[in-house]
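Spelled out, the chains give:
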Amino acid sequence: MKTNIKTARLVTTRHIIYEGIYKNIPRIIALILLIILATLMNVISPLLYKMLIDDAIPNMNVHRIVILLIGMVLIPVGNMGITGLQNHIRAYVGVSVEKTLREKLFEHVLKSQLYDVEQLKSGDIIYRITRSCGQVGSVYICDKLLPLLSSALLLFGYIGIMFGFCWQLSLIAFLAIPISYLLAQYFKNRAYSIDDELMNILESGQNYLQEVISGLRTVRSMNGESFEFTRWGEWLVDHMKKYIKSHVSHYAYLFSSEFINNLLIGIIYGFGAFLVVKKQITIGGLIAFVIYVPSAYSALRVIFQSQVSLGEVKAAAEKIDHLFTMNLEEQGNQKLTQISDNGMKIEFKNVSFNYGRGDFCVQNLSFSIAPGEFIGIVGKSGGGKSTIFDLIMGFYQPQTGEIIINGLNLRDLALKELRKHISLVPQDIFLWNGSIRENIMYPQKTYTPDVIEYAAKISQLEDFIKKLPQGYETVVGERGQS
């Protein structure tokens, strides 16, 4: 059997993140320059306290005291302005990656084989395009990944100047690095499994809501309100338990890390006082050093916390990547030619097809329809009548046999061109939540009024539309339920 399966492109969330970052290289360079400037300001600020306590105040140098005090006020204010610019750039890069991710994912879903799409619940797909892409882009890239640049530069700056002050105190202070790293690794692995479970619960909740809201008429006609309210309550309890567990797993790292940091700060104060007594460090130097320590720990916490949060974004990325593995719709590149006014010739030659459930909807089916010929296909429900039209439209490809249209194998045809010549009125009519005019025009944005009215007339809708208060501008509502 001839096959022409076009498999999914090798696209992953990671590739798109790299692509998004590459497109924003100028902004990221600007961000790095701002980070360097902010790092210098953060490193300089505690030095002003040292100069004030060790030099300006003991020497009663009023002019220098004033200068230092002005610097103590202006540096934090300037740092806030720089931080604001950093946040703007980070937000732009993050939402840019999110936008690219949603574009490529939506395009891939639009072009994927219907069989692959139908294996997933629509709520899962919606959740991944909206929420999961947002978690990767605006949440992780903006709030976790890019701040690593700032925190890493700050940490290196603090390490350098702290060792310049006192290497003994610095060794005590940076005992936190290996301890925090081990804690981060432990909690990262623990948080990943919990975050994955939480994401599955959120997807199931979105699926449930979409199903209930779509079937609200059925729920009410069957007096199922109490039943659905109970089901929703059960979901809320499950979500609450898993969310609390996830929240606690993330906070546990912060708590344990904070405990270690504060313990080491207490040791630094004690040993620092001993060094002051021994005149190996000044009081101003100790105060400046102690100011550096929490800032260094804060930068360190951001670095390791991003590792713990990696589990959440990894779970989201895996959900997205699963959509990218769906095979693209099969089609060739030949166009239909010599189409008569009466239509096309359609031939089924020993066609067999099933939906993967083990039972054939169509098996060894052969028939021929001449151009202009009207035929009726009858049979029991589930006998394959709709499947025949799905196969003619190219929605699915048969497992065996051939479908020939105007002498060409359907597998070799460009499906967009084929579908231009076919009008299909399915048994389950789908209407967009928009005006009657917009539904008639779809997928075009503009048509002349006479074309729209002609389409309504041949569809026997003209008299019905004229009776509506707003005519063609009447909004039909989601799925036509106005």
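Described in the following lines is the structure provided in the data block. (Residues numbered from 1 in each chain as written. Predicted model: local features only at pLDDT ≥ 70, side-chain atom pairs only at ≥ 80, totals over all residues. Heavy atoms only, no water.)

### Description of the environment of A173
Then step 1. The topology assignment puts A173 in helix α7 (residues 167-173).
Then step 2. It is 73 Å that separates the C-alpha atoms of A173 and I388, two residues lying 215 residues apart in sequence.
Then step 3. With residues near it in sequence (within four places) discarded, A173 still touches M162, L264, I268, F289, V293 and Y297. (Helix = DSSP H or I, 4+ residues; strand = E, 2+ residues; numbered from the N terminus. Contact = heavy atoms within 4.5 Å.)

### Description of the pairing of strand β3 (residues 400-405)
A regular strand places its side chains on the two faces of the sheet in alternate fashion.
Then step 1. As paired elements, strand β1 (residues 346-354) and β3 share 5 bridges and run antiparallel to each other. Looking at β3, one finds that E347 is bridged to I404.
Then step 2. In this sheet, strand β4 (residues 408-409) lies alongside β3 in antiparallel orientation, the contact comprising 2 bridges. In the strand pairing of β4, I404 is matched with N409.
Then step 3. The turn linking β3 back onto β4 is made up of 2 residues, and N406 within it adopts a positive phi angle of 50°. (Pairing = 2+ DSSP bridges.)

### Side note on the environment of L216
Then step 1. As for its position among the elements, L216 is in helix α9 (residues 216-221).
Then step 2. Residue classification places L216 among the partly exposed positions, given a relative accessible area of 37%.
Then step 3. For L216 and L424, which are 208 residues apart along the polypeptide, the C-alpha to C-alpha distance reads 28 Å. (Buried < 20%, exposed > 50% of the residue type's maximum accessible area, 1.4 Å probe, protein only.)

### Details of the packing of helix α1 (residues 13-23) against helix α2 (residues 25-56)
Then step 1. It is at 5 Å that the axes of α1 and α2 come closest, and there the two elements cross at 70°. Taken together, the axes of α1 and α2 are roughly perpendicular relative to one another. For the pair α1 and α2, the contacting residues are I21, Y22 and K23 in the first and I25, P26 and I28 in the second.
Then step 2. A breakdown of the residues in the contact of α1 with α2 according to their chemical character gives 5 nonpolar, no polar and 1 charged. (Axes fitted to C-alpha atoms, helices over the stretch in contact; angles between N-to-C directions. Parallel < 35°, antiparallel > 145°, perpendicular 65-115°, else oblique. Nonpolar A, V, L, I, M, F, W, Y, C, P; charged D, E, K, R; others polar.)

### Describing a nonpolar patch on the surface
Then step 1. Together, Y22, I25, I29, I32, L33, I36, L40, I44, L149 and L153 line one region of the surface with nonpolar side chains, adding up to about 880 Å² of accessible area.
Then step 2. Listing elements by their share of the nonpolar patch, those giving two or more residues are α2 and α6 (147-165).
Then step 3. Counting residues per element, the nonpolar patch draws most heavily on α2, which supplies 7 residues.
Then step 4. Here L33 lies in helix α2. (Patch = residues over 30% accessible without salt bridge, like charges linked within 9 Å, V, L, I, M, F, W, Y side chains within 5 Å. Areas by Shrake-Rupley, 256 points an atom, 1.4 Å probe, with all protein chains shown as cover. Salt bridge = Lys/Arg side-chain N within 4 Å of Asp/Glu carboxyl O.)

### Here's the deal with unusual backbone geometry
Excluding glycine, a negative phi dihedral is what most residues carry, and trans is how most peptide bonds are arranged.
Then step 1. A cis amide bond links Y442 with the next residue in sequence, P443, at an omega value of 5°.
Then step 2. Mapped onto the secondary structure, P443 falls in the loop between α14 (436-441) and α15 (449-458).
Then step 3. Backbone geometry places K279, a non-glycine residue, at a positive phi of 60°.
Then step 4. By secondary structure assignment, the location of K279 is in the loop between α10 (225-277) and α11 (283-324).
Then step 5. For Q460, which is not glycine, the phi dihedral falls at a positive 60°.
Then step 6. What makes Q460 exposed here is its relative accessible area of 72%.

### What to know about the pattern of salt bridges
Then step 1. For the structure on display, the rule yields 15 salt bridges.
Then step 2. K99 serves as the salt-bridge partner of E103, at 2.7 Å between the closest nitrogen and oxygen. Of the two residues, E103 and K99 are both situated in helix α3 (residues 62-111); the distance of 4 residues between them amounts to about one turn of the helix.
Then step 3. E103 gets classed as partly exposed once you look at its relative accessible area, which sits at 44%.
Then step 4. Between E417 and K420 there is a salt bridge, with its nearest N and O atoms 3.4 Å apart.

### Examining the packing of aromatic side chains
Then step 1. This structure, assessed with the given rule, holds 7 aromatic pairs.
Then step 2. Taking the centre distance of 5.8 Å and the plane angle of 55° together, the rings of Y158 and Y292 count as tilted. Remark: Y292 occurs in helix α11 and Y158 occurs in helix α6; sequence separation between them is 134 residues. Comparing Y158 with Y292, the two get one shared label, buried.
Then step 3. The interplanar angle of 40° and the centroid separation of 5.4 Å between the aromatic rings of F353 and Y396 together place this pair among those described as tilted. (Phe/Tyr/Trp six-rings, centres within 6.5 Å; stacked < 30°, edge-to-face > 60°.)

### Quick look at the environment of G134
Then step 1. The residue G134 is located in helix α5 (residues 122-145) in this model.
Then step 2. A C-alpha to C-alpha distance of 44 Å links G134 and V351, two positions 217 residues apart in sequence.
Then step 3. The residues contacting G134, other than those within four sequence positions of it, are E98, R102 and V139.

### Let's talk about the side chain of S435
Then step 1. Note that S435 resides in the loop between α13 (415-420) and α14.
Then step 2. When near neighbours in sequence (up to four residues on either side) are disregarded, S435 contacts Y472, E473, T474 and V475.

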